[in-house]
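# Structural features, examined
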Amino acid sequence: LFRSSGLVVSGAACLLMVVFILGVRLWITQKKKQSTPEGKDGKKHLVVAFFHPYCNAGGGGERVLWCALRALQKMYKDVNVTYVVYTGDKDVTGEQILNGAFRRFNIRLSYPVKFVFLEKLYLVEARLYPHFTLSG
């Protein structure tokens, strides 16, 4: 008699746990849908951001950045997306950076890019991190 009642209690506890987990999952999904604001046209607004401290240097890594941005803009032209580049190149404007990308790599972007100019660029310099720079 005690074994069967223990089995019933365990089964009920498992059932309650499953219902609780499904409820939490449903709640999180609804919150996630509510947290993504809609744009003026009723579509969801997305932000795609890149961290590239030296996006105006003109090397191979910069070409990858501009090719990636161009590819994303071509692929998702019907989606309401804001493109952002976090950079440490404070001595130039965003327009000068884009003109440099066109001059060096012949890459012109279809949509505008917002630039966030970093104030404390020295914090990402390699000289502060002489060891384990690839870990993480």
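Model, not experiment: these values are computed from the prediction. (Residues numbered from 1 in each chain as written. Predicted model: local features only at pLDDT ≥ 70, side-chain atom pairs only at ≥ 80, totals over all residues. Heavy atoms only, no water.)

Another aspect to go through is the overall build of the protein. Summing up its helical and strand segments, the protein has 3 helices and 3 strands in all. Reading the protein from its N terminus to its C terminus gives the helix and strand order α-β-α-β-α-β. For the protein, the proportion of its 136 residues judged to be buried stands at 21%. Contacts in the protein between residues at least 24 apart in sequence constitute 72% of all its contacts with a sequence separation of at least 6. (Helix = DSSP H or I, 4+ residues; strand = E, 2+ residues; numbered from the N terminus. Buried < 20%, exposed > 50% of the residue type's maximum accessible area, 1.4 Å probe, protein only. Contact = heavy atoms within 4.5 Å.)

Between its first and last C-alpha, helix H2 (residues 60-75) extends 22 Å over 16 residues, near the 22 Å set by a 1.5 Å rise per residue. Residues Glu62, Leu65, Trp66, Leu69 and Gln73 constitute the buried set of H2. On an axial view of H2, the arc spanned by its buried residues comes to 90 degrees, and they lie on one face. The exposed set on the far side of H2, more than 90 degrees from its buried face, consists of Gly60, Val64, Lys74 and Met75. At its buried positions, H2 is contacted by strand E1 (45-51), strand E2 (80-87), helix H3 (94-105) and strand E3 (113-117). (Expected span 1.5 Å × (residues − 1). Arc of directions from axis to C-beta.)

Before going further, it helps to examine the pairing of E3. Summarising the sheet, E2 and E3 pair through 5 bridges and their orientation is parallel. Across the sheet, residue Val84 finds its bridge partner in E3, namely Lys114. Regarding topology, H3 serves as the crossover connection from E2 to the parallel E3, and that connection is right-handed. (Pairing = 2+ DSSP bridges. Right-handed = clockwise from strand over helix to strand, strands pointing away.)

Judged by nonpolar contacts, the single largest core of 15 residues is most densely connected at Cys55, Trp66, Leu69, Val85 and Phe115. If you list the elements that add at least two residues to this core, you get H2, E2, H3 and E3. Leu69 has contacts with Phe50, Tyr83, Val85 and Leu109, leaving out every residue within four places of it along the chain. (Core = buried A, V, L, I, M, F, W, Y, C linked by side-chain atoms within 4.5 Å.)

Our focus in this paragraph is the pattern of salt bridges. The tally for this structure, following the rule as stated, stands at 1 salt bridge. Between Glu119 and Lys90 there is a salt bridge, with its nearest N and O atoms 3.8 Å apart. Taken together, the residues span a long stretch of sequence, with Glu119 in the segment after E3 and Lys90 in the loop between E2 and H3 at a distance of 29 residues. What makes Glu119 exposed here is its relative accessible area of 61%. (Salt bridge = Lys/Arg side-chain N within 4 Å of Asp/Glu carboxyl O.)

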